[in-house]
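# Descriptive analysis of the structure
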Amino acid sequence: MLIKRATDIPSSEITSEYAYRNRRQFLKAAGATLGAAGLGSILPASAYASSKYDTDEMQTPLEHVSSYNNYYEFGTGKDEPVVNAKGFKLRPWTVAVSGMVKKPATYALDDLLKGLTVEDRIYRMRCVERWSMVIPWHGYPMAALLNKLEPLPSAKFVKMQTLYAPDRMLEQRRPILHWPYTEGLRMDEAMNELTFLAVGVYGKEGPAQNGAPLRLITPWKYGFKGVKAIVKIEFTDKMPLSAWNEEAPHEYGFYANVNPNVDHPRWSQANEARLTGGLFDQLRPIKTRMFNGYGAFVERMYAGMDLRANF
Ligand SMILES: Nc1nc2c(c(=O)[nH]1)N[C@H]1C(S)=C(S)[C@@H](COP(=O)(O)O)O[C@H]1N2
Ligand SMILES: [Mo]
């Protein structure tokens with residue numbers, strides 16, 4: 001995100017020419033014309049429970065969600081991961097759990113997630129570069145996993161890392177970032193009810209370019225916190241050094257909370273371009289909301305903190 005296209009989004013990358021209404025709006029319309037009996041055959045396989053976490057805003061179509069990505073291991077261009085992550089194997093997959101935790105072990109991913117209930121959450125996502133999307137994530141609340149692993153009271157942070165495998169992730173052969181990509185959360189942030197571990201989008205696992213088979217989602221933070229292809233979860237009492245923080249500490253902080261009042265050193269964060277797949281997305285900037293509109297869930301965690309210093 002340092003390197004290119006930091007300030008604008010070329011229209012050539014807005015691939016889809018239609019707007020996709022979110023499923024509830026779609027259901028309403030379909031229900032009105034077809035009746036309930038006809039729905040099964042035309043709707044996607046998974047049913048999205050509408051929860052108190054969902055946004056009603058227009059969803060970004062799958063075609064677009066899966067072809068406009070930030071994933072430097074597979075290329076720095078937004079259109080590269082869809083090509084370069086093709087064929088990336090999601091199994092076998094292991095996750096090493098270590099540090100200040102009662103059940104440290106190297107788990108097969110399916111064992112790690114066993115016993116947890118899969119959910120779909122329609123979240124607003126805001127990238128630090130000012131584009132945003134609305135994405136139905138498929139996965140698990142992070143708190144459910146943490147309760148299973150039982151962090152010790154001494155654990156203050158959780159650090160998560162992407163796979164390091166230059167033979168499978170071509171750009172890891174070049175020193176673009178300090179590989180492996182690393183991110184972290186304070187323990188209370190990790191336990192927050194919004195914090196989610198996605199295994200996929202639109203009701204099923206994958207695709208790889210969106211971070212499958214396991215990826216972090218914190219919708220009140222800028223997108224770079226959402227570390228993809230997680231193979232390591234470590235509980236620690238020290239604030240982890242994250243990939244972007246290490247790369248450019250004046251530009252990317254540990255907290256990375258969406259905040260329209262604190263500019264990035266090179267651009268304002270007051271507005272965003274919501275990518276819905278429509279042709280004119282970038283011509284209609286919308287106002288960015290504090291904590292990306294999730295203040296009711298998260299603001300108490302930052303009470304009394306100077307969010308200008310802790311950006
Ligand atoms: N391993 C890894 N994770 C990553 C990135 C990356 O380059 N490598 N990019 C981050 C950034 S900056 C964003 S905005 C989101 C984009 O997620 P998406 O492609 O699902 O929209 O992934 C985040 N997770
Ligand atoms: Mo991003």
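Given the structure is predicted, the values throughout are model-derived calculations rather than measurements. (Residues numbered from 1 in each chain as written. Chains lettered and ligands numbered in written order. Predicted model: local features only at pLDDT ≥ 70, side-chain atom pairs only at ≥ 80, totals over all residues. Heavy atoms only, no water.)

### A closer look at helix α6 (residues 142–149)
Along an α-helix, a turn takes 3.6 residues, which lines up residues three or four apart on a common side. Worth spelling out the cut-off: Exposed residues in this analysis have more than 50% of their type's maximum accessible area, buried residues have under 20%, and partly exposed residues fall in between, with area computed by a 1.4 Å probe over protein chains only. Numbering of helices and strands starts at the N terminus; helices are DSSP runs of H or I of at least 4 residues and strands are runs of E of at least 2. What the arc measures is the spread of directions leading from the helix axis to the C-beta atoms.
Among all positions of α6, only M142, A143, L145, L146 and L149 are buried. One face of α6 carries all of its buried residues, which in axial projection span an arc of 160°. Just past α6, the residue E150 takes up positive phi, approximately 60°.

### Remarks on the packing of aromatic side chains
Worth spelling out the cut-off: When two rings of Phe, Tyr or Trp (its six-membered ring) have centres within 6.5 Å they constitute a pair, described as stacked for plane angles under 30 degrees, edge-to-face for angles over 60, and tilted for the intermediate range. For a Lys NZ or an Arg CZ to count as sitting over a ring, it must be within 6 Å of the ring centre and within 35 degrees of the ring normal.
All told, the structure shown has 14 aromatic pairs when counted by the stated rule. With a centroid separation of 5.5 Å and an interplanar angle of 80°, the aromatic rings of F74 and F88 are classed as edge-to-face. In this pair, F74 sits in the loop between α3 (62–65) and α4 (81–84) while F88 sits in the loop between α4 and β1 (94–99), placing the two residues 14 residues apart along the sequence. Judged by its relative accessible area of 0%, F74 falls in the buried class. Taking relative accessible area as the criterion, F88 reaches 10% and is therefore assigned buried. Consider the rings of F291 and Y302, whose centres lie 5.5 Å apart with planes at 20°: the pair is stacked. Taken together, the positions of F291 in the loop between β12 (285–287) and α9 (295–298) and Y302 in the segment after α9 put the pair 11 residues apart, joining distant regions of the chain. In this pair, the class of F291 matches that of Y302, namely buried. An aromatic cluster of three or more residues is present, and its members are F157, F254, Y255, F291 and Y302. Its guanidinium or amino end placed over the ring of Y53, R121 lies 4.0 Å from that ring's centre, counting from NZ or CZ. In this arrangement the basic side chain of K225 is found over the ring face of F254, its NZ or CZ atom lying 4.2 Å from the centre.

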